Amino acid sequence: MTTIVPLDSQKHQSLSLISNAGYAHIQQSHLLPLTVHEFAMAATNFPIVFVKDAQTGQFKACALVGLKPEQNLFSKNSQWLGSYIPEFAKLHPFVAVKTEANSDKYVICIDESSESLSQKGEGDKLFNDSVASEVLTQRGNAAVAWAQKSDLTDAFIRHLLEVEIIQSQSLSISKEDQSYNLTGCYVVNEAALNNLDPQVFMSLKDKGYLAPIYAALLSLNQVGNLLKLAD
Amino acid sequence: MSSDEINTIVIVGGGTAGWLTAANLAKSFNSKVPGNIKVKLIESPDIPTIGVGEGTWPTMRATLARLGIKESHFLATCNATFKQGTKFIGWQNDQHHNQYYHLFTSIFDPTQFNLAPYWLKGVAGQSVPYASAVSAQSALVELGLAPKKITTKEYEGIQNYAYHLDAGKFSELLKEHSIHSLGVEFISANVTDVNLSSDGSIANVQTDTHNKIEGDFFIDCTGFKSLLLGEALGVGFTSIKDTLLTDHAVTIQVPYEHEDSPINACTHSTAQDAGWIWDIGLTNRRGVGYVYSSQHVSHEDAEATLRQYIGDSAQRLTARKIKIDLGYRNKFWHKNCVAVGLSAAFVEPLEASAIFLIEAASNMIADQLPSSRQALQFAERKFNESFMFRWSKTIDFIKMHYVLSDRKSPFWQDNKLSSTIPASLKNALASWQEQSVSAYDFAHVYEPFPMESYQYVLYGMGNKPKNIAANRYTDIDKAKAQFAQVQKITEHLIKDLPEQRALLNKVAQYGFNTI
Ligand SMILES: Cc1cc2nc3c(=O)[nH]c(=O)nc-3n(C[C@H](O)[C@H](O)[C@H](O)COP(=O)(O)OP(=O)(O)OC[C@H]3O[C@@H](n4cnc5c(N)ncnc54)[C@H](O)[C@@H]3O)c2cc1C
């Protein structure tokens, strides 16, 4: 269970952060959120898919890191087996949450249940006499920066939906005697992209969306990489 | 006027029937492109629409999707909610706590493998109601759950569903969409006269503020008045007041106690001494109404009964009385005029069939309207046959609810008099005493109520065949497995589906995706 609460200099005064706590928090996630800025790098490691958030129904861009729910093929014995680690994986246990739906102000929250937090003073303190420590400031800023990029990613996805180049695709993957069937994944559809009205296509170029679109398209070849890791 | 071609369609009347028909035809003919068939709609700025009619059928989803209206937009603008069927309370007899469900989804298609005979034999268990044996929906509805999730794409359901909606807002939405997106020409005026040509067809309609409006084909959507088909063309009306005995409705709109009060996931229909009360939950209010026979209860007592049903909160609310003439025109289509909506026919709203039949009529007109006036006679014959069939089936089906009841008050007893029951219904019921309902009872493609609807009502009302021979329906294992599967799916859905209001709040915030 995660328990995300706003960070509080009084309540959390004695907490400290163990910086190399590994990837326990995403050990059981087969999907990891990505921002559009990461697509080019992510595409060299994992398939990039779009999935609906269970709470809001809104699409999120994700790296597919497992072949079935609760499987993360990249995280093994505190090691990361790929050349690229999604930024999201490095934010933990911090999250930046908007103060209001349309505001650009954020509050920094933490996952109180995280194993990377310590009450016993291991690692770096979050507060020095109720003033944010350097580590906290740095990690907090990273969480806000990620949240802002995530907003831009949402706008990017909305645009792709509008021009109808994202489509549902159940990923059926089989190799010898193993077969996997992943439902609920949506991907950029190459035919739809190629059939776009030239003007619409140019609008994608003008917005700087073409590179991430092609990255997402090419990334689908990384299914082979997942199969290799599953062996 | 020398041309024989049909280029301009004039619809008179802007209620649900007028705007739904206008939208459907303009969409079909792609009327927004100049040169294509033109659709004009004349609506009186003075005569109000009937403004009730808040329950639809699942077909409405396909209709709205085809018209290009986003489901989230429709839900928000019409205060609409998801309807998963009707709960009939107190219909079987005068004792308390009898109820049954007429649902939209069965887990297995009964025309493929009919579970009903096995249910009748007790294979599903001795005290399991029919609806719970074959469908997950009664359990979902009892818990107030929605038929889908926020991640389900628009117009798709995990369970089949229709809508409850605000009729006035629905007409407004259709009007806006028809005019701005589908190319319907809107004329706000009163039709004061209908001018006929020498061959007895309609030449044009005279309006008070826009002179004469010419057209090749006219659609009468003027409500109970039936201004074109009934008054101008003189097509007679066949009353069915000797079959269905209700002739009035009194309605009240009831605000919710709290902003987050739960919303019923189906229509409630509660039997009363001289009729029945509907109870429909929208997002912002409930709409309730007592449909009654003024031969069996006074208007004052009917209103008092409705207020009592609502409870204390009814005190400050105003009631509206509506006279309803049940029956149908002897023809719906005559020469170059067709009537759609209340101008064509009306049966009491027990199974919310009116809007459904408006959709069906406009679909058939779109498909069958010929290119030339010469050919109108063929479309006329087909349309009249088809809709006479659909209306008479609808009348039989509604009447069946009453005939099967053991309630004792005079209204209910009168409803069981042999003279009030159509021969076609008598025959059907007699055969279902011997054999369970079968797909062979429903040979017609445009059967308005499917086999499943009859099963839900017949078995819900406790009307079972006298005897199912032990040597028939022998695939007990398959039936058992399917009944078990229904229970399994039900348990899963109970955990998986959100509460109706919670989902509607989310839809208002995020909307459904189109993929
Ligand atoms: C009590 C009750 C409950 C109902 N419940 C349901 C239900 O649950 N589900 C369902 O599907 N249906 C239900 N119905 C039926 C449903 O309300 C109607 O089928 C539907 O509203 C269609 O009405 P209409 O458009 O034909 O007529 P109306 O709403 O009466 O519209 C008539 C239109 O014609 C116009 N008009 C009239 N005369 C002129 C003129 N001279 N010139 C110009 N314009 C003119 C009026 O301005 C108006 O716009 C119910 C009906 C009643 C009475």
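Residues numbered from 1 in each chain as written. Chains lettered and ligands numbered in written order. Predicted model: local features only at pLDDT ≥ 70, side-chain atom pairs only at ≥ 80, totals over all residues. Heavy atoms only, no water.

Draft legend 1. Up close: the overall build of chain B. A count of helical and extended segments in chain B gives 16 helices and 21 strands. In terms of overall dimensions, chain B is globule-like: its C-alpha atoms have a radius of gyration of 23 Å, near the 24 Å expected for 515 residues. With the C-alpha coordinates of chain B rotated into their principal frame, the extents come out at 70 × 55 × 50 Å. A total of 515 residues make up chain B; the buried ones form 56% of that total. Restricting the contact set of chain B to residue pairs at least 6 apart, pairs at least 24 apart contribute 77%. For chain B, the accessible area works out to roughly 21500 Å², and carbon and sulfur atoms hold 49% of it. Averaged over its 47 positive side-chain charges, chain B has a centre that lies 4 Å from the centre of its 52 negative ones. (Helix = DSSP H or I, 4+ residues; strand = E, 2+ residues; numbered from the N terminus. Rg over C-alpha atoms; globule rule 2.2 N^0.38 Å. Buried < 20%, exposed > 50% of the residue type's maximum accessible area, 1.4 Å probe, protein only. Contact = heavy atoms within 4.5 Å. Areas by Shrake-Rupley, 256 points an atom, 1.4 Å probe, with all protein chains shown as cover. Lys, Arg positive; Asp, Glu negative; His and termini not counted. Charge placed at Lys NZ, Arg CZ, Asp CG, Glu CD.)

Draft legend 2. Seen up close, the pairing of strand E11 (residues 217-220) of chain B. Residue and element names in this part refer to chain B. Across the two faces of E11 the burial is the same, with Phe 217 and Ile 219 and Phe 218 and Asp 220 all buried. By the bridge criterion, four bridges tie strand E1 (residues 8-12) to E11 in an arrangement that is parallel. By the bridge assignment, Ile 11 is partnered in E11 with Ile 219. (Pairing = 2+ DSSP bridges.)

Draft legend 3. Just the UniProt feature "active site" (unreviewed entry) in chain B, in detail. All names here are of chain B. Sequence positions flagged by UniProt for "active site" (unreviewed entry) are, in local numbering, Lys 83. Within the fold, Lys 83 resides in strand E3 (residues 81-83). Residue classification places Lys 83 among the buried positions, given a relative accessible area of 3%. Not counting chain neighbours up to four residues away, the residues in contact with Lys 83 comprise Gly 55, Thr 56, Phe 104, Tyr 161, Ala 162, Tyr 163, His 164, Ala 265, Thr 267 and Ala 352. (UniProt positions renumbered as here; feature names shortened; annotations may be inferred.)

Draft legend 4. The arrangement of empty space enclosed by the protein in detail. Residues and elements named next belong to chain B. A complete count under the given rule lists two cavities of 30 Å³ or more for this structure. Counted as a void, the largest cavity has a volume near 100 Å³. Lining of the largest cavity is provided by 14 residues; of these, Val 340, Gly 341, Ala 344, Leu 357 and Trp 391 occupy positions nearest its centre. No other element matches the four residues that helix H10 (residues 354-368) contributes to the lining of the largest cavity. Taken together, the residues that form the lining of the largest cavity break down as 13 nonpolar, one polar and no charged. (1 Å grid on protein atoms, 1.4 Å probe; cavity = no way out; pocket = protein on both sides within 12 Å on 5 of 7 lines; lining within 4 Å. Points joined across faces, edges and corners; volume = space filled by probe spheres on them. Nonpolar A, V, L, I, M, F, W, Y, C, P; charged D, E, K, R; others polar.)

Draft legend 5. Summary view of the pattern of salt bridges. The tally for this structure, following the rule as stated, stands at 22 salt bridges over all chains. Taking the shortest distance from any N to any O, the salt bridge between A:Asp151 and A:Lys98 comes out at 2.6 Å. A residue pair is termed long-range when its members are at least 10 positions apart, and A:Asp151 in helix H3 (residues 134-162) and A:Lys98 in strand E8 (residues 94-98) qualify at 53 residues. By relative accessible area, which is 27% here, A:Lys98 ends up partly exposed. With a shortest N-O distance of 3.3 Å, B:Lys87 and B:Glu142 are connected by a salt bridge. (Salt bridge = Lys/Arg side-chain N within 4 Å of Asp/Glu carboxyl O.)

Draft legend 6. Representation of the sheet that holds E11(B). The mixed open sheet is built from six strands, whose spatial order is E7-E2-E1-E11-E20-E19 (chain B). If you trace the sheet from one side to the other, it starts and ends with strand E7 (185-188) and strand E19 (333-334) of chain B, each paired once.

Draft legend 7. Seen up close, the confidence of the model for chain B. Chain-level statistics for chain B give a pLDDT mean of 96 and a share of 100% at 70 or above. Quick note on the complex model: pTM equals 0.93, ipTM equals 0.85. (pLDDT = per-residue confidence, 0-100.)

Draft legend 8. Representation of helix H6 (residues 210-219) of chain A. Taking burial as the measure, the ten residues of H6(A) include seven buried ones, the bulk of the element. If you check which residues of H6(A) are buried, you get A:Leu210, A:Pro212, A:Ile213, A:Ala215, A:Ala216, A:Leu217 and A:Ser219.

Draft legend 9. Seen up close, the interface of chain B and chain A. Across the boundary between the two partners, chain B contributes nine residues, which contact twelve residues of chain A. Carbon and sulfur atoms make up 52% of the surface buried where chain B meets chain A, a total of about 820 Å² over both sides. Across the chain B-chain A interface, the total number found is zero salt bridges. Joining chain B to chain A, the criterion identifies four residue pairs in polar contact (both at pLDDT 80 or more). (Buried area = accessible area lost by both parts, 1.4 Å probe. Polar contact = N/O pair within 3.5 Å; in protein donor to acceptor, adjacent residues only side chain to side chain.)

Draft legend 10. View of the site of the ligand. Residues and elements named next belong to chain B. Among the 32 residues in the neighbourhood of the ligand, the closest are listed as Ile 47, Ile 50, Val 52, Gly 55 and Ile 355. Separating an oxygen atom of the ligand from a backbone N or O atom of Ile 47 is a distance of 2.7 Å. A distance of 2.9 Å separates a nitrogen atom of the ligand from a polar backbone atom of Val 191. In the complex, 97% of the free accessible area of the ligand, which totals 1000 Å², lies under the protein chains. At the level of secondary structure, the elements contributing two or more residues to the shell around the ligand comprise helix H1 (16-29) and H10. Top contributing element to the shell around the ligand by residue count: H10, with three residues. Class assignment for the residues of the shell around the ligand results in 18 nonpolar, twelve polar and two charged. (Near = heavy atom within 4 Å.)

Draft legend 11. How the structure looks around the packing of helix H2 (residues 59-67) of chain B against H10(B). Residues and elements named next belong to chain B. Packing of H2 against H10 brings their axes to within 10 Å, and their N-to-C directions diverge by 50°. Compared by their axis directions, H2 and H10 come out oblique. Where H2 crosses over H10, the two elements pack in a sense that is left-handed. Seen from H2, the contacting residues are Thr 59, Met 60, Thr 63 and Arg 66; seen from H10, they are Ile 355, Phe 356, Glu 359 and Asn 363. Here the contact of H2 with H10 is composed, by residue class, of three nonpolar, three polar and two charged. (Axes fitted to C-alpha atoms, helices over the stretch in contact; angles between N-to-C directions. Parallel < 35°, antiparallel > 145°, perpendicular 65-115°, else oblique. Left-handed = near helix turned anticlockwise from the far one by under 90°.)

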